[in-house]
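# Geometric and topological summary
For reference, the chains in residue letters:
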Amino acid sequence: MIMIHLHLIVTLVCCLTHTLSYAADEEQTFLALSFGKTTGDYIQFTPADMSPFQSSFTGCAWIKRQHDAPNPMILHFHPYDEIIMGSNGYWNQAKINLQVRGRFPGKNVWFHYCLSWSAGGEQKVYINGEEVGSTSASSSNLQMGGDICLGNRELTPKMSGFIFGGQLFKLNLFSEVLSSSEIRQMSEAGMCSSIEMEHETRKLKWERILTEPRYGNVVEFVPAECTSYIMAKLDKMMSLLKEI
């Protein structure tokens, strides 16, 4: 009897430890960023290494538009405007720009966005898992060096026409062209899944971006959709504990 009780106690402690660590991991994974609506609200940093994306990449993020700038930028990699990702269809650039206006959702709605590119291949834009535009890509590799800016252009001065002013979640760059089925699966899994973490080619990670310098009004928060998701997971785990 004592051995049985001891086993139950050990199991309970292990499960509680797992539950607490799960909660901590989920909070870190599910942190999003909200950008203010002025030219002073942005993130800018020098990436450790952009060479994995030199000949091909896919950039994906969850975006919520909350501002009406004409040419909003969520990501600008300079020099020479090598990569620009936008939130309203104006900017979808990998050396050349592919505009797909009218295909992006309106304000205050989360949507999944991907831009894929390969030198000499194709450049494509996906919204919520569906391809909404494509063109022949430049045959030149991306130029290296320079900074990445999130929320406005990388150059100084920042300009009101490029203000993002919305919410950004799980922006990742992969060092390959993800297939249309992989992008669709990522979108259909939902913003609270961890499916993007399964890709070994995820070289510029959202977790790293969260540690970079912020300027002005750029704040962390957990999206309400993911708060509900976390609580449901924890409730399920606590129910299992009660059965022990």
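Look up a bit, the structure's there.
Now for a quick tour of the structure. Here the structure is a predicted model, which means the values were calculated and not measured.

## Examining the overall build of the protein chain
Helix and strand content of the protein chain: 4 helices and 15 strands. Within the protein chain, the fraction of its 244 residues that count as buried is 51%. Carbon and sulfur atoms form 53% of the exposed surface of the protein chain, whose accessible area is close to 11,400 Å².

## A short note on empty space enclosed by the protein
Inspection of every chain in the model, using the stated rule, returns 1 cavity of 30 Å³ or more. When its volume is computed, the largest cavity comes out at roughly 40 Å³. As for the largest cavity, its lining consists of Cys60, Ala61, Trp62, His112, Lys170, Asn172, Met186 and Glu196. Mapped onto the lining of the largest cavity, the elements with two or more residues apiece are β3 (56–64) and β12 (167–174). For the lining of the largest cavity, the leading source of residues is β3, giving 3 residues. A breakdown of the residues in the lining of the largest cavity according to their chemical character gives 4 nonpolar, 2 polar and 2 charged.

## Section: the pairing of strand β1 (residues 32–35)
Of the two faces of β1, both are covered, the one formed by Ala32 and Ser34 as well as the one formed by Leu33 and Phe35. The pairing of β1 with strand β15 (residues 218–221) spans 4 bridges and is classified as antiparallel. Each bridged residue has a counterpart across the sheet, and for alanine 32 the counterpart in β15 is phenylalanine 221. Relative to β12, β1 runs antiparallel, the two sharing 2 bridges. From the neighbouring strand, serine 34 faces β12, where its bridge partner is glutamine 167.

## Overview of the sheet that holds strand β4 (residues 73–77)
Strand order in the open sheet made by the 7 strands is β7-β6-β5-β4-β11-β2-β14, with antiparallel pairing throughout. Every interior strand has two partners, whereas the edge strands, β7 (96–97) and β14 (214–215), have only one. In this sheet, β14 lies alongside strand β2 (residues 42–45) in antiparallel orientation, the contact comprising 2 bridges. Its bridge partner being in β14, tyrosine 42 is matched across the sheet by tyrosine 215.

## What about the state of the cysteines?
Per the counting criterion, the structure on display carries 2 disulfides. The disulfide partner of cysteine 192 is cysteine 226, and the S-S distance across this bridge is 2.4 Å. Taking the sign of the torsion about the S-S bond as the criterion, the disulfide between cysteine 192 and cysteine 226, at about -100°, is left-handed. With cysteine 192 in the loop between α2 (180–189) and β13 (202–204) and cysteine 226 in helix α4 (residues 224–242), this pair connects stretches of sequence that are 34 residues apart. An identical accessibility class is assigned to cysteine 192 and cysteine 226; each is buried. Ordinal numbering of bonded cysteines along the protein chain defines a disulfide pattern of 1-2, 3-4.

## A few points about the pattern of salt bridges
For the structure shown, the criterion picks out 9 salt bridges. Of the charged contacts, one joins arginine 202 and glutamate 207 as a salt bridge, the two residues approaching to 2.8 Å between their closest N and O atoms. Connected via shared salt-bridge partners are Glu122, Lys124 and Glu131.

## Re the nonpolar core
Residues Phe57, Leu75, Met85, Tyr113, Leu168, Phe169 and Leu171 are the most contacted members of the largest nonpolar core, which totals 49 residues. Of the residues forming this core, the biggest block, 5 residues, is contributed by strand β8 (residues 110–118). Once you skip the residues sitting within four places of it in the chain, phenylalanine 169 turns out to touch Thr29, Phe30, Leu31, Ala32, Ala61, Trp62, Trp110, Met191, Trp206, Pro223 and Cys226. In terms of nonpolar packing, the next biggest core, distinct from the first, is built from 8 residues, Cys60, Cys114, Tyr126 and Met186 among them.

Rules and cut-offs
- Residues numbered from 1 in each chain as written.
- Predicted model: local features only at pLDDT ≥ 70, side-chain atom pairs only at ≥ 80, totals over all residues.
- Heavy atoms only, no water.
- Helix = DSSP H or I, 4+ residues; strand = E, 2+ residues; numbered from the N terminus.
- Buried < 20%, exposed > 50% of the residue type's maximum accessible area, 1.4 Å probe, protein only.
- Areas by Shrake-Rupley, 256 points an atom, 1.4 Å probe, with all protein chains shown as cover.
- 1 Å grid on protein atoms, 1.4 Å probe; cavity = no way out; pocket = protein on both sides within 12 Å on 5 of 7 lines; lining within 4 Å.
- Points joined across faces, edges and corners; volume = space filled by probe spheres on them.
- Nonpolar A, V, L, I, M, F, W, Y, C, P; charged D, E, K, R; others polar.
- Pairing = 2+ DSSP bridges.
- Disulfide = S-S within 2.5 Å.
- Salt bridge = Lys/Arg side-chain N within 4 Å of Asp/Glu carboxyl O.
- Core = buried A, V, L, I, M, F, W, Y, C linked by side-chain atoms within 4.5 Å.
- Contact = heavy atoms within 4.5 Å.

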